[in-house]
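Listed here are the chains, written in short residue letters.
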Amino acid sequence: MKTENTVWHEQQISKEQRASLKKQKPCLLWYTGLSGSGKSTIANAVDALLFARGCHTYLLDGDNVRHGLNGDLSFSDTDRIENIRRVSEVAKLFIDSGMIVSTAFISPFASDRKMAEDKLASGEFIEVYIDTPISVCEQRDPKGLYKMARAGEIKDFTGIDSGYDVPATPQIHVKTAEKSVQACAEQIVEHLITQGFIS
């Protein structure tokens, strides 16, 4: 969908030129997993490691984006889809600037994650499945959300009364219950090195 009476304006500087200046290949690290799985924690740890290596990065965190750009959206299935659509478009702009972008969103629907992938060039989308058992997520429950969901105080909560499509073939599969945050972050950075996104 596009607004009427608009034309795409080609820019003089290409994505490839911007990436070359930054000495990296742009990509989108799409962190997905249940609430409390560790998406934001690990995404932040990866961002710090990349920054220390001189990489140009930006992290779009689910809660942070809902404070502004997506502050008008609820957690209904329809609004979850719109939430991911908007984030995908913003991430695409960052990719075009040559950045390595991270998004930390539950993004429970496989179709939405596919929509985000389809907006990018082949190979730029990296699905990072933060695989944490719901029992562990509930033990952590940093925001007290599971407790409220179990009490019926929150509706449409992923894993309780709203479904989650487990990634079938994520490029990176991280098991946070078995490894430290640092080890999980290093696993992701190692993938970026071996796949040639960073040196």
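Every chain's residues receive numbers from 1 upward, in the order its sequence appears when written. The predicted nature of this model means local features are confined to residues of pLDDT at least 70 and side-chain atom pairs, given and counted, to a pLDDT of 80 or more, with totals for whole chains, interfaces and linings taken over all residues. As a convention, hydrogens and water are excluded, and side-chain values are obtained from all of the structure's heavy atoms.

(A) How the structure looks around the packing of helix α4 (residues 77-96) against helix α5 (residues 110-118). Between N-to-C directions, angles cover 0 to 180 degrees, with each direction set by a line fitted to C-alpha atoms, over the stretch in contact for helices. The numbering of helices and of strands both runs from the N terminus, where a helix is a DSSP run of H or I of at least 4 residues and a strand a run of E of at least 2. The geometry of α4 relative to α5 is characterised by a closest axis approach of 9 Å and an angle of 20° between their N-to-C directions. Classified by the interaxial angle, the pair formed by α4 and α5 is roughly parallel. The element α4 and its partner α5 pack so that their crossing is right-handed. Of the residues in α5, those in contact with Arg-80, Ile-81, Ile-84, Arg-85 and Ser-88 of α4 are Asp-112, Met-115 and Ala-116. The scheme is simple: roughly parallel for angles under 35 degrees, roughly antiparallel for over 145, roughly perpendicular for 65 to 115, oblique for anything else. Definitions for this section: a left-handed crossing has its near helix turned counterclockwise from the far helix by less than a right angle. A right-handed crossing has that turn clockwise. We call two residues contacting when some pair of their heavy atoms lies within 4.5 Å.

(B) Region of the structure containing the packing of aromatic side chains. By convention, a stacked pair of Phe, Tyr or Trp rings (six-membered ring in the case of Trp) has centres within 6.5 Å and planes under 30 degrees apart, an edge-to-face pair has planes over 60 apart, and any other such pair is tilted. As enumerated under the stated definition, the model contains 5 aromatic pairs in all. Each ring, one from Tyr-129 and one from Tyr-164, has its centre 6.4 Å from the other, and the planes form 25°; the classification is stacked. Here Tyr-129, found in strand β4 (residues 125-131), pairs with Tyr-164, found in the loop between α7 (145-150) and β5 (172-175); they are 35 residues apart in sequence, far enough to count as distant. Take Tyr-129: its relative accessible area is 9%, and that puts it in the buried class. Here the aromatic rings of Tyr-146 and Phe-157 are separated by 4.9 Å at their centres, their planes lie at 85°, and the arrangement is edge-to-face. In this pair, Tyr-146 sits in helix α7 while Phe-157 sits in the loop between α7 and β5, placing the two residues 11 residues apart along the sequence. Pairwise contacts between aromatic rings join Trp-30, Phe-105 and Phe-125 into one cluster. Accessible area is worked out with a 1.4 Å probe on protein chains only. A residue is then buried under 20% of its type maximum, exposed over 50%, and partly exposed in between.

(C) Representation of the side chain of Ser-35 within the structure. With respect to the helices and strands, the residue Ser-35 is situated in the loop between β1 (27-32) and α2 (39-52). Look at Ser-35 and you get buried, because its relative accessible area is 11%. Excluding its chain neighbours within four sequence positions, the residues that come into contact with Ser-35 are Ile-106, Cys-137, Leu-145, Tyr-146 and Phe-157.

(D) Quick look at the environment of Val-87. As for its placement among the helices and strands, Val-87 is situated in helix α4. For Val-87, a relative accessible area of 1% gives the class buried. Sequence spacing of Val-87 and Ala-168 is 81 residues, and the spatial spacing of their C-alpha atoms is 22 Å. Those residues in contact with Val-87 that sit more than four places away from it in its chain are Trp-30, Leu-60, Val-65, Asn-70, Thr-103 and Phe-105.

(E) Local environment of the pairing of β1. Of all 6 residues making up β1, 6 are buried, and the element is well covered by its neighbours. Here β1 shows two buried faces, one formed by Cys-27, Leu-29 and Tyr-31 and the other by Leu-28, Trp-30 and Thr-32. When DSSP locates at least two bridges between a pair of strands, those strands are taken to pair. Sheet topology note: the β1/strand β3 (residues 100-104) ladder contains 5 bridges and is parallel. Counted as the bridge partner of Trp-30 is Thr-103 from β3. As judged from the 5 bridges shared by β1 and β4, these two strands associate in the parallel manner. Among the inter-strand pairings, Tyr-31 is bridged to a residue of β4, identified as Val-128.

(F) Local environment of the pattern of salt bridges. In the sections that follow, a salt bridge refers to a side-chain nitrogen of Lys or Arg positioned within 4 Å of a carboxyl oxygen of Asp or Glu. Applying the stated criterion across every chain, the model contains 8 salt bridges. The shortest N-O distance in the salt bridge between Arg-86 and Asp-72 comes to 2.8 Å. Pair noted here: Arg-86 is in helix α4 and Asp-72 is in the loop between α3 (62-66) and α4, with a separation of 14 residues, a long-range link. Given the relative accessible area of 57%, Asp-72 is considered exposed. Two residues, Glu-82 and Arg-86, come together in a salt bridge whose shortest N-O distance is 2.8 Å. Pair noted here: Glu-82 and Arg-86 are both in helix α4, with a separation of 4 residues, about one helical turn.

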